[in-house]
Amino acid sequence: MNIKNISISVLLLMVLVFTSCTKSKEEKLQGQWERYNTSLNPFVVDTMQQEMWYFDNGNLKIYSREASGALKLNADLEYAMQVQKGRVAVVIQAKNSEDNNNPQLINAYLGSARIYQLTDTTLAMKGIETLIYYEFYRNK
């Protein structure tokens, strides 16, 4: 085998590994996630900003939890999984939806976020452009 064939084989193997890793993480990501309050101010208990993110095969709906406990739709978005700099990332994009009536709020969610932890019950990711750190939990 010459160097060219070895290089092609290694490249194909890397593509297969990253594709498998992305698919596995996307399957784990599906469903409902409650977002932790990750405010940097220790005196802020931001119960009004609790969010629930619902990932469903490329669709992402973000709800806020009101004081009554009811959920209010904040954003109806799309997402895709990609490998960026060796980590799987969630790329969030806007979609045309009548539910998206607050562009300023929608823009806060857009962009790429690298996944740093993903288990059956915990999710942690950090925005690449925004540097926002997200932590979520899931009740099983």
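Reading guide: rules and limits
- Residues numbered from 1 in each chain as written.
- Predicted model: local features only at pLDDT ≥ 70, side-chain atom pairs only at ≥ 80, totals over all residues.
- Heavy atoms only, no water.
- Core = buried A, V, L, I, M, F, W, Y, C linked by side-chain atoms within 4.5 Å.
- Buried < 20%, exposed > 50% of the residue type's maximum accessible area, 1.4 Å probe, protein only.
- Helix = DSSP H or I, 4+ residues; strand = E, 2+ residues; numbered from the N terminus.
- Contact = heavy atoms within 4.5 Å.
- 1 Å grid on protein atoms, 1.4 Å probe; cavity = no way out; pocket = protein on both sides within 12 Å on 5 of 7 lines; lining within 4 Å.
- Points joined across faces, edges and corners; volume = space filled by probe spheres on them.
- Nonpolar A, V, L, I, M, F, W, Y, C, P; charged D, E, K, R; others polar.
- Pairing = 2+ DSSP bridges.
- Axes fitted to C-alpha atoms, helices over the stretch in contact; angles between N-to-C directions.

Student: Looking at this model, I keep getting lost on the nonpolar core. Mind explaining?
Tutor: Most often, soluble globular proteins have nonpolar side chains that are buried together. In terms of nonpolar packing, the biggest core is built from 22 residues, with W53 and V90 touching the most fellow members. Taken together, the elements giving at least two residues each to this core come down to β2 (51-56), β3 (59-65), β4 (71-84), β5 (87-94), α2 (103-109), β6 (111-118), β7 (122-127) and β8 (133-137). Ranked by residue count, the leading element in this core is β4, at 4 residues. Once residues lying within four places of it in the same chain are set aside, the contact partners of V90 are L29, F55, Y79, A80, M81, G111, S112, A113, I115 and M125.

Student: Help me understand empty space enclosed by the protein in this model?
Tutor: Over the atoms rolls a probe the size of a water molecule, and in doing so it shows where empty space is left. One pass over the full model with this rule turns up 1 cavity of 30 Å³ or more. Of the voids in this model, the largest cavity is the one considered here, and its volume is about 60 Å³. Forming the walls of the largest cavity are 13 residues, and the residues nearest its centre are Y109, L110, G111, S112 and Y134. Every element with two or more residues in the lining of the largest cavity is listed here: α2, β6 and β7. Among the residues making up the lining of the largest cavity, the classes are represented as 8 nonpolar, 4 polar and 1 charged.

Student: I keep staring at the pairing of β8 and nothing clicks. Help me out?
Tutor: Put simply, side chains in a regular strand alternate between the two faces of the sheet. Of the two faces of β8, only the one carrying Y134 and F136 is buried; Y133, E135 and Y137 on the other face are not. Bridge count between strand β1 (residues 31-35) and β8: 2 bridges; the pairing is antiparallel. In the strand pairing of β8, R35 is matched with F136. Across 5 bridges, the pairing between β7 and β8 is antiparallel. Within β8, the position partnered with A124 by the bridge is E135. Linking β7 to β8, which pair antiparallel, is a turn of 5 residues; within it L131 sits at a positive phi near 60 degrees.

Student: Can you help me understand the sheet that holds β4 in this one?
Tutor: Each strand in a sheet pairs with another by means of backbone hydrogen bonds, the pair being arranged parallel or else antiparallel. With respect to topology, 8 strands assemble into a closed barrel ordered β1-β2-β3-β4-β5-β6-β7-β8, the strand pairing being antiparallel. Between one strand axis and the next, the sheet turns by 35 degrees as a mean value, whatever way the strands run.

Student: Which parts of the structure should I look at to understand the environment of L60?
Tutor: On the secondary structure map, L60 appears in strand β3. Taking the relative accessible area as the measure of exposure, L60 reaches 0% and is therefore buried. Separated by 33 residues in sequence, L60 and Q93 have C-alpha atoms that sit 9.3 Å apart.

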